[in-house]
Amino acid sequence: MSSIIKQSIQMTSNQKNLVKQTVPILREHGIILTTYFYNRMFRDNPELKHIFNMGNQKNNKQQAALAMTVLAYADNIEDPSVLMPVLNNIGHKHTSLDIRPEQYTIVGKHLIASISEVLGESATPELLEAWSAAYQQLALLMSGHEQTIYNHRINNPGGWAGWRPFIVKQKVRESTEITSFYLYPSDGGIVADFTPGQYISLRLFLPELELLQPRQYSISCAPNSEYYRISVKKETGNSHPNGIISNRLHNHVNVGDLLDISAPAGNFVLQEETEKQKVFISGGVGQTPLLAMLEQLTQEKTKNKNIQITWIHGCRDQKTHAFKERVTEISNKNKNVSQHIFYETIENTKDSLNEGWLDLSKLKQDILQEHTEYYICGPAAFITKHYNFLLNNNVPKTDIYFEEFGPASLQLD
């Protein structure tokens, strides 16, 4: 990684200063710039609509995420290596979408043109030259890192790069909202192992948009060398592009159908090598990557039998509670596993449940222990609430892991 960074630093001191001088503009008007950029790029290169999540274009998440990244990059132009945790996360997303170096050239052309057209007379030739050099530095850094990820996947037994056809062999309803799809490689080969918490990308053709559209879904089972399982929430009454893929999986994809899948990716993963206690905190379908972690930790051959595991989950009610029986089964078989369930509405008072929104303050004695790691997954507001609770109760940042579905919008570190 460091060698790539050293090779990529080709900017003069004056160019770096010019880029840094645009930080206040980016801080105030970054989303205007990135919105203009995406509109320009999709107008001139509409083929890229097959790669980008157009749902995130409609809700402005992608524009905001890009603005944050460009701002952070400009602010740290002297030493981009400090951004590697963020860039690593982006690299995993890019490789899951089969992004290639030549596409960086297209993006760069439109980004520099957008800076010129949005800033107008303020975009001097010297400034545009500085940003061109800055972008080339970033592109080299990212494409080099992504090639490393591709190489790792190819060398992983059963691994691959790009898209690979998988067949749906089982479709299982887990709740009124969530359905699981069991995906086996159509070529009959093995599938690459993964680290619990990772996701796969799949792509479908959407007649409504006349586009191929990719989406990421967490793998909801432990590694097994035979199949991947994803568990997808149906967005009832949602015609927004963000829910179209999930709803199409529910309504139109059946056993026997083929889906294009990319290899597992992502760095929100189980720290299995540590001997710390684990606390899993999830809201709704956010439990899917955590379920893979729980299954991995409680397999018969695991070395983690003495690690205390606490499963905390919140959802609307019993009908929407997916994997209730599976987690209960794991808890009953493993004395080191306990669970706490929160329902907004409780119908059966016989169950040992907590009523209302998930509230960690009710569980302080159970979860606020030394030598403990916390994994949080759910909507952005859910993550923020529980992350801040843990920080306010003296949990070190380094012991808190979280994943926000979709483009990153949280800045909790």
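Residues numbered from 1 in each chain as written. Predicted model: local features only at pLDDT ≥ 70, side-chain atom pairs only at ≥ 80, totals over all residues. Heavy atoms only, no water.

Caption draft 1: Structural view of the sheet that holds strand β8 (residues 309–315). Spatial strand order, β10-β9-β8-β7-β11-β12: 6 strands in an open sheet with parallel pairing. What marks the edges here is a single partner per strand, and that holds for β10 (354–355) and β12 (400–404). Of the pairings in the sheet, the one linking strand β9 (residues 337–343) to β10 comprises 2 bridges and is parallel in character. If you follow Y343 over to β10, its bridge partner there is E355. Sitting on the sheet, helix α11 (residues 324–333) touches β8 and β9, and the angle it makes with β9 is about 150°. (Pairing = 2+ DSSP bridges. Helix = DSSP H or I, 4+ residues; strand = E, 2+ residues; numbered from the N terminus. Contact = heavy atoms within 4.5 Å. Axes fitted to C-alpha atoms, helices over the stretch in contact; angles between N-to-C directions.)

Caption draft 2: Expanded view of the sheet that holds strand β4 (residues 211–218). Across the sheet, 6 strands lie side by side as β4-β3-β6-β1-β2-β5; this open sheet has antiparallel pairing. The open sheet is flanked by β4 and β5 (228–233), the only strands paired with a single partner. Within this sheet the neighbouring strands show an average axis-to-axis angle of 40°, counted without direction. Across 4 bridges, strand β1 (residues 164–173) lies against strand β6 (residues 258–261) in antiparallel orientation. Within β6, the residue paired with R164 across the bridge is I261. Strands in contact with helix α6 (residues 84–96) are β3 (199–206) and β4; relative to β3, the strand with the most contacts, it is inclined by about 45°.

Caption draft 3: The confidence of the model for the chain, seen in detail. Counting all residues, the mean pLDDT for the chain is 91, and 92% of those residues have values of 70 or more. Predicted confidence for residues 1–8 stays below pLDDT 50, and this span has 13 contacts to residues more than four positions away or in other chains. (pLDDT = per-residue confidence, 0-100.)

Caption draft 4: Local environment of unusual backbone geometry. For D98, which is not glycine, the phi torsion reads 60° and is therefore positive. Assignment of secondary structure puts D98 in the loop between α6 and α7 (101–119). Even without glycine at this site, S225 takes up a positive phi of about 70°. Within the fold, S225 resides in the loop between β4 and β5.

Caption draft 5: View of the side chain of N247. Relative to the helices and strands, N247 resides in helix α9 (residues 241–252). Within polar-contact distance, the side chain of N247 engages the backbone nitrogen of E235 at 2.7 Å. (Polar contact = N/O pair within 3.5 Å; in protein donor to acceptor, adjacent residues only side chain to side chain.)

Caption draft 6: Highlighting the pairing of β1. In this structure, β1 lies alongside strand β2 (residues 178–185), joined through 7 bridges in antiparallel fashion. What sits directly across from F166, in β2, is P185. Counting the residues in the hairpin turn of β1 and β2 gives 4 residues.

Caption draft 7: Region of the structure containing the nonpolar core. V19, F52 and W131 are the most contacted members of the largest nonpolar core, which has 41 residues in total. Listing elements by their share of this core, those giving two or more residues are α2 (13–21), α3 (23–44), α5 (61–75), α6, α7 and α8 (125–155). Contacts of V19, omitting those with residues within four sequence positions, involve M11, A74, I77, A130, W131 and A134. V191, L204, C221 and Y227 belong to the second-largest nonpolar core, a separate cluster that totals 28 residues. (Core = buried A, V, L, I, M, F, W, Y, C linked by side-chain atoms within 4.5 Å. Buried < 20%, exposed > 50% of the residue type's maximum accessible area, 1.4 Å probe, protein only.)

Caption draft 8: View of the environment of M84. Within the fold, M84 resides in helix α6. On the accessibility criterion, M84 (10% relative accessible area) is buried. Taking C-alpha positions, M84 is 9.5 Å from L141, a pair spaced 57 residues apart along the chain.

Caption draft 9: Geometry of the packing of aromatic side chains. Summed over the entire model, instances satisfying the criterion amount to 14 aromatic pairs. Aromatic side chains Y38 and F52 sit 5.8 Å apart centroid to centroid with 75° between the ring planes, which places their arrangement in the edge-to-face category. Taken together, the residues Y38 in helix α3 and F52 in the loop between α3 and α4 (54–58) connect sequence positions 14 residues apart. For Y38, a relative accessible area of 3% gives the class buried. With centroids separated by 5.3 Å and ring planes inclined at 35°, the aromatic side chains of Y184 and Y227 adopt a geometry described as tilted. A residue pair is termed long-range when its members are at least 10 positions apart, and Y184 in strand β2 and Y227 in the loop between β4 and β5 qualify at 43 residues. Aromatic rings pair up to connect F268, F280, W311, Y375 and Y401 into one cluster. The lysine or arginine in question, R164, covers the ring of W160, its NZ or CZ lying 4.9 Å from the ring centre. (Phe/Tyr/Trp six-rings, centres within 6.5 Å; stacked < 30°, edge-to-face > 60°. Lys NZ or Arg CZ within 6 Å of the ring centre and 35° of its normal.)

Caption draft 10: Spatial organisation of a nonpolar patch on the surface. Among the surface-exposed residues, I32, Y36 and V118 lie close enough to one another that they form a single nonpolar patch of about 250 Å² accessible area. Counting through the fold element by element, V118 comes out in helix α7. (Patch = residues over 30% accessible without salt bridge, like charges linked within 9 Å, V, L, I, M, F, W, Y side chains within 5 Å. Areas by Shrake-Rupley, 256 points an atom, 1.4 Å probe, with all protein chains shown as cover. Salt bridge = Lys/Arg side-chain N within 4 Å of Asp/Glu carboxyl O.)

Caption draft 11: Molecular detail of the pattern of salt bridges. Applying the stated criterion across every chain yields a total of 16 salt bridges. A salt bridge links R40 to D44, with the nearest nitrogen and oxygen atoms 3.9 Å apart. Residue R40 and its partner D44 are located together in helix α3, separated by 4 residues, close to a single helical turn. Looking at R40, the relative accessible area reads 14%, which means it is buried. Judged by relative accessible area, which is 37%, D44 ranks as partly exposed. Between K276 and D399 there is a salt bridge, with its nearest N and O atoms 2.7 Å apart. In this pair, K276 is assigned in the loop between β6 and β7 (277–283) and D399 in the loop between α13 (380–392) and β12, connecting sequence segments 123 residues apart. Here the salt bridges share partners, and the residues they tie into one network are R229, E295, R326, E329 and K333.

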